Amino acid sequence: MATAIAPRRPDTRVKESIFIWEGTDRNNKPTRGETKGASETVVTTSLRRQGIRVIKIKKQTFRGGRKISEKDITFFTRQLATMLKAGVPLLQAFDIVARGHGNARFSRLMMDIKNKVETGSSLSQAFREHPGHFDALYCNLVGAGESAGMLDAVLDRLATYKEKILAIKGKIKSALFYPCSVIVVAIIVMWVIMVFVIPSFKDVFKNFGAELPFPTLVVIAISDFFVKWWWLMAVAIAGAVVGIGVMFKRSETVRYTVDRVLLKLPVVGQIIEKATIARWTRTLQTMFAAGVPLVESLDAVGGAAGNIVYAQATKRIQTEVSTGSSLTNSMSNTRLFPSMVLQMTQIGEESGSLDNMLGKVADFYEREVDDAVAALSSLLEPVIIVFLGVVIGGLVVAMYLPIFKLGAVI
């Protein structure tokens, strides 16, 4: 039996905006404020009825702005948790965050979420419409907090989680920033020497009248190659960077290979492994403590680990746990987790305090990451100094050898 489908009614709701106004009241005293309305005329009419003569009115806009960072979302989560705990209504809290933030793009995001909540959406549903800023982990935790009636507590736990994850990433980035910046500067200096400085020496050596030392000939040959083919080298490097980036985004096999190689690297691989385990256990602890079932928690844990090797292992763990296996045995089958992590997880499962034990594991590995990053920083400094001394010093010595030889002949 065929059934008629009712046509969708067009949305006749009038979109309202916020207007900032200045004026005078019935006693001729200056006053100012903010009013929501469909247009300047509607707001002015409404204020006139209240005895306010409007002198200046302007629609509040949130144009432009920089890209919304993970730090912005973390700070917003902490702000929202603090305001909800203080008894500030949810919609008012979004208003406060939107108008007090310096990034116009972030303010637009907050106002959009607020409007969706005003029209009947749950907070978790409003967050899910912005997956680029709020991942599955974030939305699931907020949904669990709304269902349990403890949104402020869940947001507080979520803010703490994001602050810890952000701190780990920040420490690793700060440790790698110095060597990467030094290497980039060294490459630029070498390019300038090869393209501009060494050709000047070459012109001088043409009238030298003697055979040039072998190191000098090698450096001059490299310089000639740089001068002739610098554009080809630039295209090749740019193409390689773009190609690797595209393959890394589109090919799961490439991402898996790169992440596995990173885990096998000496020194750096250990830091990445410890940071991944810290994020993995911290995420699972946060989800489980918020009342999300273990199988559902594992859905978000793999992506939050930041390593596709652990993400794929988490899927296998989730499959085994859903068929009745214990979390400890499932983790052990992946052969990715150290024995200490497995033992602590087993104790947590047996004692019914899995979230507490996972939190202790995360704390331990976060401290390990701190120590490893500090050790890496102290190790890299002398290595970089030696590297620069050998490369730059070698170039200088190679170009001055003919001058030394000339002095010996004289």
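Counting starts from 1 at the beginning of each chain's written sequence and moves along it residue by residue. The predicted origin of the model limits local features to residues at a pLDDT of at least 70 and limits the giving and counting of side-chain atom pairs to 80 or more, whereas totals for whole chains, interfaces and linings rest on all residues. Each side-chain value is derived from all of the structure's non-hydrogen atoms; neither hydrogens nor water enter the calculation.

Thoughts on the overall build of the protein chain
Across its full length, the protein chain holds 15 helices and 3 strands. To get the radius of gyration, use the C-alpha atoms; to get the globule rule, take the number of residues to the power 0.38 and multiply by 2.2 Å. For 410 residues, the compact-globule estimate of 2.2 N^0.38 gives 22 Å, and the C-alpha radius of gyration of the protein chain, at 31 Å, exceeds that figure by more than 25%. Dimensions along the principal axes, computed over C-alpha positions, put the protein chain at roughly 100 × 70 × 55 Å. The buried label goes to any residue with under 20% of its type's maximum accessible area, the exposed label to any with over 50%, and the partly exposed label to all in between, with areas taken from a 1.4 Å probe on protein chains only. The buried share of the protein chain, taken over its 410 residues, is 37%. Any two residues whose heavy atoms approach within 4.5 Å at even a single point are treated as in contact. Summarising the internal contacts of the protein chain: among those between residues at least 6 apart in sequence, 61% fall at separations of at least 24. The protein chains shown are the only cover counted for residues, whose accessible areas, like all others here, come from Shrake-Rupley with a 1.4 Å probe. Of the accessible surface of the protein chain, which amounts to about 23,900 Å², a share of 61% is contributed by carbon and sulfur atoms. In this charge count, Lys and Arg are treated as positive and Asp and Glu as negative; neither His nor the chain ends contribute. A single reference atom marks each charge: NZ on Lys, CZ on Arg, CG on Asp, CD on Glu. For the protein chain, the distance from the average site of its 49 positive side-chain charges to the average site of its 35 negative ones is 7 Å. Strands here are runs of E lasting at least two residues and helices are runs of H or I lasting at least four, both read from the DSSP assignment and numbered beginning at the N terminus.

Overview of the environment of E349
Looking at where E349 falls in the secondary structure, it is placed in helix α14 (residues 339-351). Between the C-alpha atoms of E349 and S326, which are 23 residues apart in sequence, the distance is 8.3 Å. Excluding residues within four positions of it along the chain, E349 makes contact with S326, L327, T328 and L354.

Here we look at the side chain of H130
In this fold, H130 is placed in the loop between α5 (123-128) and α6 (136-148). In protein, a polar contact means a hydrogen-donor-capable atom and an acceptor-capable atom, both N or O and within 3.5 Å, with residues adjacent in sequence counting only if both atoms are side-chain atoms; elsewhere, any N or O pair within 3.5 Å suffices. A polar contact is formed between the side chain of H130 and the side chain of D112, at a distance of 2.7 Å. The contacts of H130, once residues within four sequence positions are left out, are L109, D112, I113 and K116.

A look at unusual backbone geometry
Despite not being glycine, N28 has its phi angle at roughly 65°, a positive value. Tracing the backbone through its elements, the reader meets N28 in the loop between β1 (17-24) and β2 (30-37).

Structural notes on the nonpolar core
With 38 residues, the main nonpolar core has F76, M110, I113, F127, F134, Y138 and L155 as its most contacted residues. Every element with two or more residues in this core is listed here: α2 (70-85), α3 (90-100), α4 (104-118), α5, α6, α7 (151-206) and α11 (294-304). If near-sequence neighbours (up to four positions away) are discounted, I113 is found in contact with F94, L123, A126, F127, H130 and F134. If you look at the next biggest cluster of nonpolar residues, it comprises 35 residues, including V309, M331, Y365 and V369. The term nonpolar core refers to a set of buried residues drawn from Ala, Val, Leu, Ile, Met, Phe, Trp, Tyr and Cys, joined through side-chain atoms within 4.5 Å.

Quick notes on the packing of helix α12 (residues 308-322) against helix α13 (residues 327-334)
Angular values range over 0 to 180 degrees, each being the angle between N-to-C directions of two axes fitted as lines to C-alpha atoms, with helices fitted over their stretch in contact. Relative to each other, α12 and α13 sit at 145°, their axes nearing to 9 Å. Crossing handedness for the pair α12 and α13: right-handed. Only L327, N329, S330, M331, N333 and T334 of α13 make contact with α12, whose side of the interface consists of A313, R316, I317, E320 and V321. Ten residues, namely Ala, Val, Leu, Ile, Met, Phe, Trp, Tyr, Cys and Pro, are considered nonpolar, four, namely Asp, Glu, Lys and Arg, are considered charged, and the remaining ones, Gly among them, are considered polar. Considered class by class, the residues forming the contact of α12 with α13 number 5 nonpolar, 4 polar and 2 charged. Each crossing gets its hand from how the near helix is turned against the far one by less than a right angle, where anticlockwise is left-handed and clockwise is right-handed.

Overview of the packing of aromatic side chains
Any two rings among Phe, Tyr and Trp, with Trp reduced to its six-membered ring, count as a pair given centres within 6.5 Å; such a pair is stacked if its planes are under 30 degrees apart, edge-to-face if over 60, and tilted if neither. All chains considered together, the criterion is met by 12 aromatic pairs. Centre to centre, the rings of W229 and W231 are 6.0 Å apart; their planes meet at 45°, and the pair counts as tilted. Overall, the relative accessible area of 30% leaves W229 in the partly exposed class. Taken together, the ring pairs in this structure connect F76, F94, F106, F127, F134 and Y138 into an aromatic cluster.

Describing α4
Here the expected span of a helix is defined as 1.5 Å times the quantity of residues minus one. Over its 15 residues, α4 runs 21 Å from end to end, which matches the ideal 21 Å to within 8%, given 1.5 Å per residue. Among all positions in α4, only A104, F106, S107, L109, M110, M111, I113, K114, K116 and V117 are buried. Capping of α4 at its N-terminal end is provided by N103; its side-chain oxygen lies 3.1 Å from the backbone amide nitrogen of R105. Immediately downstream of α4, the backbone of G120 shows phi near 115°, a positive value.

Topic: the pattern of salt bridges
The term salt bridge refers to a side-chain nitrogen of Lys or Arg lying within 4 Å of a carboxyl oxygen of Asp or Glu. Applying the stated criterion across every chain, the model contains 10 salt bridges. Across the pair D95 and K114 runs a salt bridge, and its minimum N-O distance is 2.9 Å. Here K114 lies in helix α4 and D95 lies in helix α3, a separation of 19 residues in the sequence. By relative accessible area, which is 15% here, D95 ends up buried. On the accessibility criterion, K114 (4% relative accessible area) is buried. The shortest N-O distance in the salt bridge between D112 and K116 comes to 2.8 Å.

Description of the packing of α7 against helix α10 (residues 268-289)
Describing two packed helices takes the angle between their axes plus the distance from one axis to the other. Interaxial distance between α7 and α10 falls to 10 Å at its minimum, and their mutual angle equals 175°. On the basis of the axis angle, α7 is roughly antiparallel to α10. Contacts from R157, Y161, K164, I165, I168 and I172 of α7 reach α10 at I271, A275, A278, R279, R282, T283, T286 and A289. Its residues assigned to classes, the contact of α7 with α10 comprises 8 nonpolar, 2 polar and 4 charged. Orientation categories follow fixed angle ranges, with anything under 35 degrees roughly parallel, anything over 145 roughly antiparallel, 65 to 115 roughly perpendicular, and all other angles oblique.

Brief notes about a nonpolar patch on the surface
Candidates for patches are residues over 30% relative accessible area with no salt bridge; among them, like charges are joined within 9 Å and nonpolar side chains (Val, Leu, Ile, Met, Phe, Trp, Tyr) within 5 Å. Taken together, V184, I188, W191, V192, F196, V197, F225, W229, W230, W231, L232 and V235 make up a surface patch of nonpolar side chains, about 1,100 Å² in accessible area. When residues of the nonpolar patch are traced back to their parent elements, those giving at least two are α7 and α8 (214-250). In this structure, W191 sits in helix α7.

A few points about the confidence of the model for the protein chain
pLDDT: the predictor's confidence for each residue, scored from 0 to 100. The predicted model of the protein chain averages 82 in pLDDT, with 91% of residues at 70 or higher. Segment residues 1-13 is flagged for pLDDT under 50; beyond a separation of four residues in sequence, or across chains, it makes 1 contact in the model.

Here we look at the environment of S251
Mapped onto the elements, S251 comes out in the loop between α8 and α9 (252-264). In this structure S251 comes out as partly exposed when scored by relative accessible area, which is 22%. For the pair formed by S251 and I52, sequence separation is 199 residues and the distance between their alpha carbons is 63 Å.

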